[in-house]
Amino acid sequence: MPWWLLAVVVTAVVVLTGMLPAQDARGLAERTLPILVFVAALTVVAEMCAGAGLFDTAAGLASRVAGGRRWALWALVVVLATVSTAVLSLDTTAVLLTPVVIALARHTRTPPLPFALTVLALANTASLVLPVSNLTNLLADHTLRAAGVGYLGLMWAPALAAVVVTIAVLAVRDRRALRGTYEPPPPTAVRDRPLLAVCAGAVAALGVAFVIGAPTAPTAVVVAVALLVATLLRHQKLPVPVGDLVPWRTLLVVLGLFVVVETAHVHGLGEALAQAAGTGNGPAELLRLAAAGALASNAMNNLPAYLALEPAAGPDPLRVAALLIGTGVGPLVTPWGSLATVLWWQRCRTVMLEVPAATIVRQGLLLAPLAVVAATLALVATS
């Protein structure tokens, strides 16, 4: 049985039998369905931009700006991934930027795997910068506002620490692959310049909208529909079949995961996680909570992990911040640890780059402990 069908069956069983009470099911739907709509809309945006040649154009421009130096090219990827994650969210980075950097590496005859893994790492570890950077941040921002605490004032140091550690570790690990020079490829012909301009403007507008606090799911849906209509009006062929524009199989699996975790939470998982998370906001207690968030995220996915551990964090801003570190920076070890990792893996397969699960695990085991500890200690030092 396909995973998506199994997810549908399990969801139907636990809801219809009452294992997940109706009130809890409604609450879960209110919090998670907008997230899935947001991801679906972003995928459509990515496909329309790919069809218009935006990714190939961006890759060619970056390869020329780097002046033929691979380390400079990698530095541009780091900047793009960090800014994209901070401003457009980690899921946007996974969907939009992954094809760009893979195309960039191939255009410059550079091994694409280190570039793609850099995007994967920063899509997670740079996701603490702004509330819009990670959907868990948006969930936590309400708690912080109620406590009278500004998100950026609390999270700037952990966000900076996580990004710096990631860049340092990856630079050392990939130093051999980043040596040498390349011949920048000549500019490629653009098939439809007006459509390319519309896609570029739409992505820029999306970033501005998220920065100023526009509702994420409705904004992404509006942009996705606009680009789809623009593509059809220009009489351009859709880049993929209509049935594959939205990763509905992946989204059904994620929804099923949400339902299973929420059902387990109702039947005692919450108490067990609360014990694992401990209490208090001293350095040891915050590290414990961050570690619990990271372990739970890698076991079940960071979004349901955050929802499950949120009661254990309580209204204390420092504990909320530690939980955000664990569920934002920590889910690097398993391919399902964050939705961004799932989407990143799917985009890699779409552009014919096969990444073994063991490769993701190895990078996660290298990065996650260092980044989580560094970010938590930065929180302690600046609180």
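Each value, and the rule that gives it
Numbers given to residues run from 1 along each chain, matching the order in which its sequence is written. Only residues with pLDDT of at least 70 get local features here, since the model is predicted, and only at 80 or more are side-chain atom pairs given and counted; chain-wide, interface and lining totals rely on the full set of residues. With hydrogens and water stripped out, all remaining heavy atoms of the structure feed into the side-chain values. Where helices are involved, their axes are fitted lines through C-alpha atoms of the stretch in contact, as for all axes, and angles between N-to-C directions lie from 0 to 180°. Helix numbers and strand numbers start at the N terminus; a helix is a DSSP run of H or I with at least 4 residues, a strand a run of E with at least 2. Each crossing gets its hand from how the near helix is turned against the far one by less than a right angle, where anticlockwise is left-handed and clockwise is right-handed. By the convention used here, residues are in contact when the closest approach between their heavy atoms is within 4.5 Å. Gly is placed with the polar residues, together with every amino acid not listed as nonpolar (Ala, Val, Leu, Ile, Met, Phe, Trp, Tyr, Cys and Pro) or charged (Asp, Glu, Lys and Arg). Buried residues are those whose accessible area, probed at 1.4 Å on protein chains only, stays under 20% of the maximum for their type, while exposed residues exceed 50% and partly exposed ones sit between those limits. For patches, a residue must show more than 30% relative accessible area and have no salt bridge; joins then use 9 Å for like charges and 5 Å for nonpolar side chains, namely Val, Leu, Ile, Met, Phe, Trp and Tyr. In these tables, accessible area is a Shrake-Rupley quantity obtained with a 1.4 Å probe, and a residue counts as shielded only by the protein chains included in the view. Salt bridge criterion: a side-chain nitrogen from Lys or Arg within 4 Å of a carboxyl oxygen from Asp or Glu. Here, nonpolar core refers to any group of buried Ala, Val, Leu, Ile, Met, Phe, Trp, Tyr and Cys residues whose side-chain atoms link them within 4.5 Å.

Quick notes on the packing of helix α1 (residues 3-16) against helix α11 (residues 248-277)
- For the pair α1 and α11, interaxial distance at closest approach is 8 Å and the crossing angle is 35°. Between α1 and α11 the crossing geometry is left-handed. In this structure, α1 uses W3, W4, A7, V8, V10, T11 and V14 to contact α11, whose residues at the interface are W248, R249, L252, V253, G256, V259, V260 and T263.
- Considered class by class, the residues forming the contact of α1 with α11 number 11 nonpolar, 3 polar and 1 charged.

Describing the environment of L76
- Within the fold, L76 resides in helix α4 (residues 70-88).
- Judged by its relative accessible area of 27%, L76 falls in the partly exposed class.
- The sequence separation of L76 and S63 amounts to 13 residues, and the corresponding C-alpha distance is 9.2 Å.

Here's the deal with a nonpolar patch on the surface
- Together, M1, W3, L5, L6, V8, V9, V13, M19 and V253 give the surface a local cluster of nonpolar side chains, amounting to about 820 Å² of exposed area.
- The dominant element in the nonpolar patch, judged by the number of residues it contributes, is α1, at 6 residues.
- You can see M19 is positioned in the loop between α1 and α2 (22-52).
- Classification of M19 by relative accessible area gives partly exposed; the value is 41%.

Quick look at the nonpolar core
- Among the nonpolar cores identified, the biggest contains 126 residues, and F115 and W344 are the most heavily contacted of them.
- Other than its neighbours up to four places away in sequence, W344 contacts A94, T98, A116, L117, V119, L120, V355 and I360.

Thoughts on the pattern of salt bridges
- A full pass over the atoms with the stated rule returns 4 salt bridges.
- The partner of D174 in a salt bridge is R173, with the nearest N and O atoms 2.9 Å apart.
- Looking at D174, the relative accessible area reads 7%, which means it is buried.
- With a relative accessible area of 30%, R173 lands in the partly exposed category.

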